[in-house]
Amino acid sequence: MTLPLSRRRFLAATSLFAVAPYSLSFGQDQGKKIVWHDVKDWGVEGKGWNDTAKFFDRLPARAEGKVRTPVWNLSRHSAGMSVRFTTDATSIHVDYKVTSSSLSMPHMPATGVSGFDLYGQDEKGDWKWIAVVKPTKQAAQVNLITGLIPGKRNYMIYLPLYNGTEFLKVGVPEGNVFEPIEPRQEKPVLFYGTSITHGACASRPGMPHPSILGRRLNLPILNLGFSGNGKMEPEVGEFLAELDPAVYVLDCLPNMVGQEVAARAENMVKQLREARPETPIVMVEDRTYASAPFLQSQQDRHAGSRKAYQAAYQSLLASGAKSLFYIDGNSLLGEDRDDTTDGSHPSDLGFYRHAEAMEPVLRKALNM
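Presented here is a report on the structure given in the accompanying data block. Bear in mind that the values here come from a model prediction, so they are computed numbers and not experimental data.

**Section: the overall build of the chain**
Thought 1: When helices and strands are counted, the chain shows nine helices and 15 strands.
Thought 2: A globule of 368 residues ought to have a C-alpha radius of gyration of about 21 Å, and the chain, at 20 Å, matches this closely.
Thought 3: With the C-alpha coordinates aligned to their principal axes, the bounding extent of the chain is approximately 65 × 45 × 40 Å.
Thought 4: Put simply, the chain has 368 residues, and 57% of those count as buried.
Thought 5: Intrachain contacts of the chain at a sequence separation of at least 6 include 78% that bridge at least 24 residues.
Thought 6: As displayed, the chain has an accessible area near 15,300 Å², and 50% of this comes from carbon and sulfur atoms.
Thought 7: Looking at the chain, you have 41 positive and 40 negative side-chain charges, and the mean spots of the two groups are 2 Å apart.

**Side note on the sheet that holds strand E5 (residues 117–121)**
Sheet strands associate in pairs through backbone hydrogen bonding, adopting either a parallel or an antiparallel arrangement.
Thought 1: The strand order E6-E5-E8-E3-E10 describes an open sheet built from five strands, whose pairing is antiparallel. Looking along the sheet, the strands with just one partner apiece sit at the ends: strand E6 (127–132) and strand E10 (178–181). The average undirected angle you get between the axes of adjacent strands in this sheet is 30°.
Thought 2: Here strand E3 (residues 82–87) runs beside E10; their pairing, made up of four bridges, is antiparallel. If you follow Phe-85 over to E10, its bridge partner there is Pro-180.

**Remarks on the environment of Ala-365**
Thought 1: Tracing the chain through its elements places Ala-365 in helix H9 (residues 348–365).
Thought 2: Accessibility expressed as a relative area gives 7% for Ala-365, which makes it buried.
Thought 3: The residues touching Ala-365, leaving out its near neighbours within four places in the chain, are Val-247, Pro-280, Val-282 and Phe-325.

**Thoughts on the state of the cysteines**
Thought 1: Counting across every chain of the model gives zero disulfides.
Thought 2: Between Cys-252, a cysteine without a disulfide, and Cys-201, which holds the nearest cysteine sulfur, the sulfur-to-sulfur distance is 18 Å.
Thought 3: Classification of Cys-252 by relative accessible area gives buried; the value is 0%.

**Topic: the sheet that holds strand E13 (residues 247–251)**
Thought 1: Here we have five strands laid out as an open sheet, ordered E12-E11-E13-E14-E15, and parallel in their pairing. Where the open sheet ends on each side, the last strands, each with one partner, are strand E12 (221–225) and strand E15 (324–327). Neighbour-to-neighbour, the strand axes of the sheet open up by a mean angle of 15°, direction not taken into account.
Thought 2: Across three bridges, the pairing between E13 and strand E14 (residues 281–284) is parallel. Paired with Leu-250 across the bridge in E14 is Met-283.
Thought 3: On the sheet, helix H6 (residues 234–242) packs against strand E11 (189–193), E12 and E13 and is oriented at approximately 175° with respect to E11.
Thought 4: Contacts between H9 and the sheet are confined to E11, E13, E14 and E15, with E15 contributing the most and set at about 175° to the helix.

**A closer look at helix H8 (residues 296–318)**
Thought 1: Taking 1.5 Å of rise per residue, 23 residues should cover 33 Å, and H8 covers 32 Å from first to last C-alpha, within 8% of that figure.
Thought 2: For H8, the set of buried residues is Gln-298, His-302, Ser-305, Arg-306, Ala-308, Tyr-309, Ala-312, Tyr-313 and Leu-316.
Thought 3: Buried residues along H8 sit in contact with E13, helix H7 (258–275), E14 and E15.
Thought 4: In the stretch just after H8, Gly-320 is the one whose phi turns positive, near 100°.

**Description of the packing of aromatic side chains**
Thought 1: Enumeration according to the criterion identifies ten aromatic pairs in this entry.
Thought 2: When the centroid spacing of 4.8 Å and the interplanar angle of 80° are considered together, the rings of Phe-55 and Phe-56 count as edge-to-face.
Thought 3: Residue classification places Phe-55 among the partly exposed positions, given a relative accessible area of 25%.
Thought 4: Look at Phe-56 and you get buried, because its relative accessible area is 1%.
Thought 5: Centroid distance Tyr-313 to Tyr-326: 4.8 Å. Interplanar angle 40°. Geometry classified as tilted. Here the residue Tyr-313 occupies a position in helix H8, and Tyr-326 occupies one in strand E15, the gap between them amounting to 13 residues.

**A closer look at the pattern of salt bridges**
Thought 1: Counted under the stated rule, the structure contains 21 salt bridges.
Thought 2: Between Asp-51 and Arg-62 there is a salt bridge, with the nearest N and O atoms lying 2.7 Å from each other. A residue pair is termed long-range when its members are at least 10 positions apart, and Asp-51 in the loop between strand E2 (34–38) and helix H2 (69–74) and Arg-62 in the loop between E2 and H2 qualify at eleven residues.
Thought 3: Each of Arg-216, Glu-356, Glu-359 and Arg-363 takes part in salt bridges that share partners, so that together they form one network.

Criteria and thresholds
Counting starts from 1 at the beginning of each chain's written sequence and moves along it residue by residue. Per-residue local features are limited, in this predicted model, to residues with pLDDT of at least 70; the limit for side-chain atom pairs, both in listing and counting, is 80 or more; totals at the level of whole chains, interfaces and linings are taken over all residues. Side-chain measures were taken over the full set of non-hydrogen atoms in the model, leaving aside hydrogen atoms and water. Elements are defined by DSSP. Helices are runs of H or I of four residues or more, strands are runs of E of two residues or more, and each kind is numbered from the N terminus. Within these notes, the globule rule equals 2.2 Å times the number of residues to the 0.38 power, and the radius of gyration is based on C-alpha atoms. Burial status follows relative accessibility: with a 1.4 Å probe on protein chains alone, a residue under 20% of its type maximum counts as buried, one over 50% as exposed, and anything between as partly exposed. When checking whether two residues touch, look at their non-hydrogen atoms; a contact exists if any pair is within 4.5 Å. In these tables, accessible area is a Shrake-Rupley quantity obtained with a 1.4 Å probe, and a residue counts as shielded only by the protein chains included in the view. A residue counts as positive if it is Lys or Arg and as negative if it is Asp or Glu; His and the chain ends are not included. Just so you know, the charge point we use is NZ for Lys, CZ for Arg, CG for Asp and CD for Glu. Two strands make a pair as long as DSSP finds a minimum of two bridges between them. Interaxial angles span 0 to 180 degrees and are taken between N-to-C directions of axes, which are lines fitted to C-alpha atoms, for helices over the stretch in contact. Cysteine sulfur atoms that pair up within 2.5 Å are treated as a disulfide. Under the convention used throughout, the expected extent of a helix is 1.5 Å for every residue step, that is, one less than its residue count. In this scheme Phe, Tyr and Trp rings, the latter by its six-membered ring, pair at centre separations within 6.5 Å, and the angle between planes marks the pair as stacked below 30 degrees, edge-to-face above 60, and tilted otherwise. When a carboxyl oxygen of Asp or Glu lies within 4 Å of a side-chain nitrogen of Lys or Arg, that pair is called a salt bridge.

Structure below.
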């Protein structure tokens, strides 16, 4: 159930946990050996293919040279991936290395670009945030959280959004239960889009709308956002069509102008529909720039791309397309204009509002 956003709830959802350097001197776990578990041994959610060049890549190895180089490079980021496990430990540790030493961006903190984000499942089955790694170097062993209320429960860690993951091991003190939870087999919600889908500029990896919606819908997600390069190209479409998701969410307009939309949008839907005749497809307009009321160039950009997208949607409906849904761009962000980091990329509040706008449409598409 979607609840109204309150100030207390929002601040609780987006607060950052500053982790201490790796240590074994925490409370009742003092002096205990940490037993490490490599997540590669049981797998992550958020991978569409197994034939990847590196374990945490988002496209298969054979995509290199097939898709444009920027798309391939961005596909090495671990955006949207998560790992689950059960433990009764009162402290949880991580041993990790990310692929790039560039841990942050001017408009996005290291916790979102390169952090590992821990959630726990409460007694009602809801996922609640617990802690996030605050990276200061490319590789580290850190105590992610200590002082957990004793009890055996499920946990989930989201991987970095704008960095690749070389390896990730989860550690608990010796003597505690640790049970891997294998990736779910349900069909995922597949998001294909731009830097916004990719996760810019969330404060931590659990906050982009694909991840929020994954928790709300209780479904796996595939995040195929490619920053600056969500262009509805047929070469990318070929790989999307290989997958069998519960629904496709096409959200590329922030990277496209009207002429590109007119040339590619309808063709991409047809490409996917040919491969997956029954799979619902959600077409999402571009979010409205925060400064659009003051800049004619931005108004013209929105008008051109949206007119072409709406024309593609109507043409598809007229040709008999079924299970096709549409989300208006004006619904994605608020009228207060206070939900972006730079006028374009959502803050955590902006991602919350994206999820609010998309959830009813996705539930309808999924018959939930």
